[in-house]
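# Structural characterization, general
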Amino acid sequence: MATSTLNPQPVPNPPTSSYVPFQSQPSIIEEVAANQQHLRERLAGALFRPPPNIPAEALPSVPLIDIGPSFDGTLESRKAVAAKIREACLTTGFFQISNHGISPEAMAGVLKQAERYFHELTLEQKEAMHVKLSPLFRGYEPHDFSYVNPDDEGAAQETKECFNWGYEDAFDPTGGDGKYREIDGSVAAGKYAGNVWPTEEQLPGFYDAIKLYYGQVMTCSRHLFRLFALSLGLEEDYFDELITHPGGIARLLYYKSNPTPENAQEKSEEQLEQEAKLGLGAHTDYECFTLLLNSANPGLEILFPPSPLTNNKPIWRPCPVRPGTLTVNVADFLMRWTNGLYKSTIHRVVSKPGGGERYSVPYFFSINYDSEVLPLPERCVGKSNYRPMKAGEYVLERLRATAVLNKENK
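Residues numbered from 1 in each chain as written. Predicted model: local features only at pLDDT ≥ 70, side-chain atom pairs only at ≥ 80, totals over all residues. Heavy atoms only, no water.

## What to know about the confidence of the model for the protein
For the protein, the mean per-residue pLDDT works out to 86, and 84% of the residues sit at or above 70. Taken as a whole, residues 1-23 scores under 50 in pLDDT and shows 76 contacts with residues more than four places along the chain or in a different chain. (pLDDT = per-residue confidence, 0-100. Contact = heavy atoms within 4.5 Å.)

## Regarding helix α5 (residues 206-231)
Given a rise of 1.5 Å per residue, 26 residues ought to cover 38 Å, and the 37 Å separating the end C-alpha atoms of α5 matches this to within 8%. In terms of burial, α5 is a largely internal element, 20 of the 26 residues being buried. Glycine 233 lies just past α5 and shows a positive phi near 80°. (Helix = DSSP H or I, 4+ residues; strand = E, 2+ residues; numbered from the N terminus. Expected span 1.5 Å × (residues − 1). Buried < 20%, exposed > 50% of the residue type's maximum accessible area, 1.4 Å probe, protein only.)

## Digging into the sheet that holds strand β5 (residues 248-255)
One open sheet accounts for 8 strands, arranged β1-β2-β10-β7-β12-β5-β4-β3; its pairing is mixed. What marks the edges here is a single partner per strand, and that holds for β1 (64-66) and β3 (139-141). Between one strand and the next, the sheet's axes are offset by a mean angle of 25°, whatever the strand orientation. By the bridge criterion, 3 bridges tie β3 to strand β4 (residues 161-165) in an arrangement that is antiparallel. For tyrosine 140, the partnering residue across the bridge sits in β4 and is phenylalanine 163. Against the sheet, helix α3 (residues 104-120) contacts β3, β4, β5, β7 (289-294) and β12 (358-365), and its axis sits at roughly 60° relative to β5. Across the face of the sheet, α5 comes into contact with β2 (94-98), β4, β5, β7, β10 (326-330) and β12 while running at roughly 135° to β7. (Pairing = 2+ DSSP bridges. Axes fitted to C-alpha atoms, helices over the stretch in contact; angles between N-to-C directions.)

## What to know about the sheet that holds strand β9 (residues 315-318)
Read from one edge of the open sheet, 4 strands run β6-β11-β8-β9, paired in antiparallel fashion. Each edge of the open sheet is held by one strand with a lone partner, namely β6 (277-283) and β9. Direction aside, neighbouring strands of the sheet carry axes that sit 25° apart on average. Sheet topology note: the strand β8 (residues 300-304)/β9 ladder contains 4 bridges and is antiparallel. In the sheet register, glutamate 301 faces β9, and the bridge partner there is proline 318.

## Focus on the packing of helix α2 (residues 75-91) against α5
The interhelical angle for the contact between α2 and α5, taken along N-to-C directions, is 80°, at an axis separation of 8 Å. Classified by the angle their axes make, α2 and α5 are roughly perpendicular. Residues Leu75, Arg78, Lys79, Val81, Ala82, Ile85, Arg86 and Cys89 of α2 form the contact with α5, whose own contacting residues are Leu224, Leu227, Phe228, Leu230 and Ser231. Partitioned by chemical class, the residues of the contact of α2 with α5 number 9 nonpolar, 1 polar and 3 charged. (Parallel < 35°, antiparallel > 145°, perpendicular 65-115°, else oblique. Nonpolar A, V, L, I, M, F, W, Y, C, P; charged D, E, K, R; others polar.)

## Some words on the packing of aromatic side chains
One pass over the structure, following the stated rule, counts 33 aromatic pairs. Each ring, one from tryptophan 165 and one from tyrosine 214, has its centre 6.5 Å from the other, and the planes form 50°; the classification is tilted. Note that tryptophan 165 is positioned in strand β4 and tyrosine 214 in helix α5, a separation of 49 residues in sequence. Judged by its relative accessible area of 1%, tryptophan 165 is buried. When the centroid spacing of 5.9 Å and the interplanar angle of 65° are considered together, the rings of phenylalanine 225 and phenylalanine 365 count as edge-to-face. Here phenylalanine 225, found in helix α5, pairs with phenylalanine 365, found in strand β12; they are 140 residues apart in sequence, far enough to count as distant. (Phe/Tyr/Trp six-rings, centres within 6.5 Å; stacked < 30°, edge-to-face > 60°.)

## A word on the environment of isoleucine 65
For isoleucine 65, the location among the structural elements is in strand β1. With a relative accessible area of 4%, isoleucine 65 lands in the buried category. The residues touching isoleucine 65, leaving out its near neighbours within four places in the chain, are Val81, Lys84, Ile85, Phe95, Gln96, Ile97 and Ser98.

Listed below in structure tokens is the structure:
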């Protein structure tokens, strides 16, 4: 997945940006090609540690936003929280939220299921759920099946293992409206729609724990979308009719530990960094925004924008580990929908020497896949540089375009 290179048209008090707009509405293939080139350029100049005499604490980090006040029933409180979200989205596109309404039981339960899935199931049982058997990319994904950044293929193999699933009416606290469609417009048929699951005999309680967390994180996401609307100067119910059966792919992710080498004391910090293992390559996400829950071990790194403190070069910085919080980041779809105003930022996962096992649960929230996506009001984001299309069509075309470009580059 790659970042966008587009710049918003003039809006009131627009943020500064280095992005260059297309002269006309690009095709998805043109978008993906430009995105990948921008990714290469940013990675080529990126710093891995602060410049000399610049303390790490002087550099920007991921802000923590208490969204608890947005549940108190007053519009003023919701607007105050929305203003903090806007500031984060205009800069790095990353923030963390506390008091989000997801129960400790649900969070601990889904992380426990990640541990159980990757350690208690046999390889044969997981292979029976392999994503290559699913037209919707659902099920088990071994570490060597894909590269989130195509440039990594044949170079730095990712160590992550995944289990993927999507929306089900049974997971939706509203009960669902019975109109859910997949990214290709197909009707999700059957009890579990397009998902595949281990049996109750294989992992007792697994499905119920997933259902509990998914339902709560979906409720949180719908609430966040109302705050996003306010942050853009829209009515807070602007997106409501577009998230009645939202796209919501989720994953369990497992990153193996990277033991400390025996001669670690003889090596410099730079040498140890070179022995870090790539858990998940540098990328941005596809959908509107992502809510990430992770275990206590660090690993997520964010490519912060250039600044005078970093000699005008982007810099990799670790995402803070704040127990009980969720990490939220803008994804490519929301970036293009806001005409480049909100930033979809490059990130990755690395396992440094001495790092333990890491589990995480990203939830990629989208509007209804069958919804026609029209430009947002010009007063909020300027005149759109992007062509209208359905949400599912965008994701599907991104996948297809990436496949085409991979073949062309070989």
